[in-house]
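# Coordinates in review
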Amino acid sequence: MVPRFDTLDETPGFEVVDPIETRRFPLSTPSAVEPTPADPDSFRFPVTSACTIETSALTLPYTVLAYVWDADGEVLSELAHDESAEFPRDEYLIELNVPIKLYLRVESGVRIESDTDSMRLVFESETPVTVGARSFSEDPTGTVTTTDDPVDVMAAVSTLGSALETTTCERSWPTLREHPPRVERGDELSVPDGIEVPDTGVTVEVPPNYDAIYSVAPLAYYFGAEVVSGDTPRLTVGEFERRFDGAEGFEDEVVRTLEQAFFLDCVTRTEGHYQVELADRNHVESVVDLDFADLYDAPLDEQLSAYFSVPYSTLADTMPTWHRVAYVRPDPENVETLPYLVNDLTVLRTPPQPSYEETEKMRETRSAIDDFKRTAPSTVRSSRRPDEADGSDWTDESDWAVENGRRRGVPPIEEYVHMPDADALELAWVGDGTPIRGTKVLPQAFRNSKSDTSEDIIDITVVCNDDEMREEWDAVAEVYANRETVNFDVDVHFDASMAELQRLLQTPTDLFHYIGHIDGRGFECPDGIFDAEALDGVEIEAFVLNACRSHDQGIALIDAGSRAGIVSLENVGNRIAVEFGETLAKLVHNGFSVGSALEIARKYTAIGTHYISLGDPGLTLAQSDDVIPLTYVVDDESANQMALTIHGYPTREHSIGSVSKSYLEDGPQFLSTGPHNVLTEREQMREILADMPHTPLIIDGNLVLGREWTNCS
């Protein structure tokens, strides 16, 4: 499937629809237009579908980041909020930074105007405009088979870089890093002929053991490196050598190498295709003396020599926050998860080694895990969510809550694991065991295909199986309403029977939101208990099971075909479960991934620590009006001004390395993960949020939507 072009029903214009990722972007015109097919190869940048329309103007529903190139490929202008430009008659290529990769090719005079409401492109007369589109969706290119021999695993990891579109610093753009090939275990090493690894000259040398190999997988992917066995852990290319046996320890040295090289590539690329002002470059140039113009065309070994002539500590305060760290058990089966993790450029670490001498960190881990031992087998809670505001457990003598000495619905206590804190927006765990925070990554989730849902509509199914819990449905109903650029179709069911629940789980939908009871045996229905483990398959993309101890039912849904979900590990109080469910709905509705939504909800709700996510943490259901979902943390406010910190949460469509530009200032772009500090007038904030009512704000530790703040402030 490729993007298509449909005429609008209620107003003149057309919309670009991505049926793979359920994304749509409307463009209005002064009079009716009829898109006709065009040649995708007529664009300088890769597109998969194209059309031509004739119009005198195009109006976008909101302001986006736009780049204008001339016929020779030179960037003439970069425009965003409240910026305008006019160009004489010539041939132009215009890139629009929207949820679908979009280019316009036109030969005309062009005037671009933007304000707080929209962006408008005006041509000198009615003229042909060729529109090219490409989905951000990516599938693995081929499958590499490896044995469990570490040397063969190294060879398999060495193929990950075959997905790079370029080996220059421009690879720091996510659109130039495609999905690496799948890796499967088998009886022999096999690399298909179609998988071509770039000849970068980069070698990564590590000992032949899984923990070292897994840790360098993102580095091998990013540099197109060959991973080989050796006694001296290091990266080499040409005359450059970067060793990983320094004072910080192997893994930290590997992570620092990736982060520093990637960050300085993002700065250096501003001398290339997109010659724009970048706030991060301004920060770097205030602390280092590097000639980025010379570095852009320099060989890789010279680039890296210059990059690493700067101490990591010098750059630490200027580098953006990494988006995800995953702790991967060094087990053979986890090699199959590596391509999906490095596709997002996730930092990979191995869990800390056990020690016979308890350290302070180990005591913290033991204390965290002990929090899950609140319910003794002899005194267990009933199946109904408690009403206590603090979510504390209460007991009765029901027999169903335990089986063979363990609580039903959740893993046995000895399987819980604690991940160390990391300087990242979210955490993930790969392998046996269940984390007490973050995402438990399940490889089968990545292999589950997308359900056959509506191509341009986000289908949401809500089941509320307890009348006393309708408060949560009332809370999320308004949240799940349509946005101007996203259509939602919400189907709600109350008191669903076992048969109806099974039917709903096997009906294609993007999000299944369950409100009710799960007693460990399954979903409580008016006519009995429905166990998801009995399902042969499901057609739901993602789920939220806002019920007590819903972990095992969530695992069953992933095994049956779902791709991601959020579940509880403990008993959850009704009132704060409502808060958690509403917060999740706000974030998912606004384009945050499952993993990011959970981390934010965990931080800003009283009961978020009771939940984890399962499956693919990078799955998103809706597009964001910010393109890259942003949170605005209000650090200080007065009657007239507001000081905010902006944090971006990369998605698979706009991964780490993307840039953002704040509507709240006329300043330069910034690398999206932030943090980025802004001082703005309070009235300007009100004007922006009037047009972006779903933008999440963090005020005094509470998450509110823009429309809620504007109505109350």
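Above: the structure in question.
Residues numbered from 1 in each chain as written. Predicted model: local features only at pLDDT ≥ 70, side-chain atom pairs only at ≥ 80, totals over all residues. Heavy atoms only, no water.

Helix and strand counts for the protein chain stand at 17 helices and 39 strands. Whereas a compact globule of 713 residues would reach a radius of gyration of roughly 27 Å, the protein chain reaches 26 Å, a difference of no more than 12%. Dimensions along the principal axes, computed over C-alpha positions, put the protein chain at roughly 80 × 65 × 55 Å. Within the protein chain, the proportion of its 713 residues that are buried is 62%. Looking at the protein chain alone, contacts between residues at least 24 apart form 69% of all its contacts between residues at least 6 apart. For the protein chain, the exposed area adds up to about 26,900 Å²; of that, 43% sits on carbon and sulfur atoms. One way to put it: in the protein chain the 53 positive side-chain charges average out to a point 5 Å from where the 134 negative ones average out. (Helix = DSSP H or I, 4+ residues; strand = E, 2+ residues; numbered from the N terminus. Rg over C-alpha atoms; globule rule 2.2 N^0.38 Å. Buried < 20%, exposed > 50% of the residue type's maximum accessible area, 1.4 Å probe, protein only. Contact = heavy atoms within 4.5 Å. Areas by Shrake-Rupley, 256 points an atom, 1.4 Å probe, with all protein chains shown as cover. Lys, Arg positive; Asp, Glu negative; His and termini not counted. Charge placed at Lys NZ, Arg CZ, Asp CG, Glu CD.)

Moving on to the packing of helix α1 (residues 150-157) against helix α2 (residues 210-223). Running from amino to carboxyl end, α1 crosses α2 at an angle of 10 degrees, the nearest separation of the two axes being 10 Å. Considering the angle they form, α1 stands roughly parallel to α2. Contacts from P150, V153, M154 and V157 in α1 reach Y210, I213, Y214, A217 and A220 in α2. (Axes fitted to C-alpha atoms, helices over the stretch in contact; angles between N-to-C directions. Parallel < 35°, antiparallel > 145°, perpendicular 65-115°, else oblique.)

On the basis of which strands lie adjacent, the open sheet formed by four strands has the order β14-β13-β15-β16 and mixed pairing. The open sheet has two edge strands with one neighbour each: β14 (226-229) and β16 (240-243). Each adjacent strand pair in this sheet contributes to an overall mean axis angle of 20 degrees, direction not counted. The pairing of strand β13 (residues 203-206) with strand β15 (residues 234-237) spans three bridges and is antiparallel. Looking at β15, one finds that V204 is bridged to L235. Most of the contacts of helix α6 (residues 300-307) go to β15, to which it runs at about 135 degrees, and overall it touches β15 and β16. (Pairing = 2+ DSSP bridges.)

So, about helix α13 (residues 551-560). Of all ten residues in α13, nine are buried, a share of seventy percent or more. Those residues of α13 that fall on the buried side of the exposure criterion are H551, D552, Q553, G554, I555, A556, L557, I558 and A560. Just downstream of α13 lies G561, where phi reads positive at about 135 degrees.

A few words on the nonpolar core. Residues V157, F223, L235 and L304 are the most contacted members of the largest nonpolar core, which totals 92 residues. For this core, the element with the most residues is α2, which contributes eleven residues. Counting 51 residues, the second-largest nonpolar core is a separate cluster that includes Y92, L630, L644 and V678. (Core = buried A, V, L, I, M, F, W, Y, C linked by side-chain atoms within 4.5 Å.)

On to the sheet that holds strand β18 (residues 347-349), then. Reading across from one edge, β18-β17-β22-β24-β32-β31-β30-β27-β25-β26 is the order of the ten strands in this open sheet, with mixed pairing throughout. Looking at the sheet topology across the chains shown, the edges are occupied by β18 and β26 (487-494). Within the sheet, the average angular offset between the axes of one strand and its neighbour, ignoring direction, is 20 degrees. In this sheet, β26 lies alongside strand β25 (residues 457-464) in parallel orientation, the contact comprising eight bridges. In the strand pairing of β26, V462 is matched with V492.

A complete count under the given rule lists 32 salt bridges for this structure. With its nearest N and O atoms 3.4 Å apart, the salt bridge here joins R171 to D265. Of this pair, R171 sits in the loop between α1 and β12 (182-185) while D265 sits in helix α3 (residues 250-268), and the two are 94 residues apart along the sequence. Like D265, R171 is buried. Of the charged contacts in the structure, one is a salt bridge between R682 and E637, with a shortest N-O distance of 2.7 Å. Here R682, found in helix α16 (residues 682-691), pairs with E637, found in strand β33 (residues 630-637); they are 45 residues apart in sequence, far enough to count as distant. Connected through salt bridges with shared partners, the residues R324, D344, E426, D616 and R652 form a single ionic network. (Salt bridge = Lys/Arg side-chain N within 4 Å of Asp/Glu carboxyl O.)

Let us look at the packing of aromatic side chains. The final tally for this structure, using the stated rule, is 18 aromatic pairs. Ring centres of Y67 and Y274 lie 4.7 Å apart, and the angle between their planes is 70 degrees; on these two criteria the pair is classed as edge-to-face. Remark: Y274 occurs in the loop between α3 and α4 (279-285) and Y67 occurs in strand β6 (residues 65-70); sequence separation between them is 207 residues. Classification of Y274 by relative accessible area gives buried; the value is 9%. Between Y210 and Y214, the ring centres sit 5.7 Å apart and the planes meet at 40 degrees, which makes this aromatic pair tilted. Of this pair, Y210 and Y214 both sit in helix α2, four residues apart, which is roughly one turn of the helix. (Phe/Tyr/Trp six-rings, centres within 6.5 Å; stacked < 30°, edge-to-face > 60°.)

Take the environment of Q506 next. Examined against the element boundaries, Q506 turns out to sit in the loop between α12 (498-505) and β27 (509-515). Taking relative accessible area as the criterion, Q506 reaches 36% and is therefore assigned partly exposed. Measuring from C-alpha to C-alpha, the distance between Q506 and V538 comes to 4.5 Å, with 32 residues separating the pair along the chain. Apart from residues no more than four positions distant in its own chain, Q506 is found in contact with L535, G537, V538 and E539.

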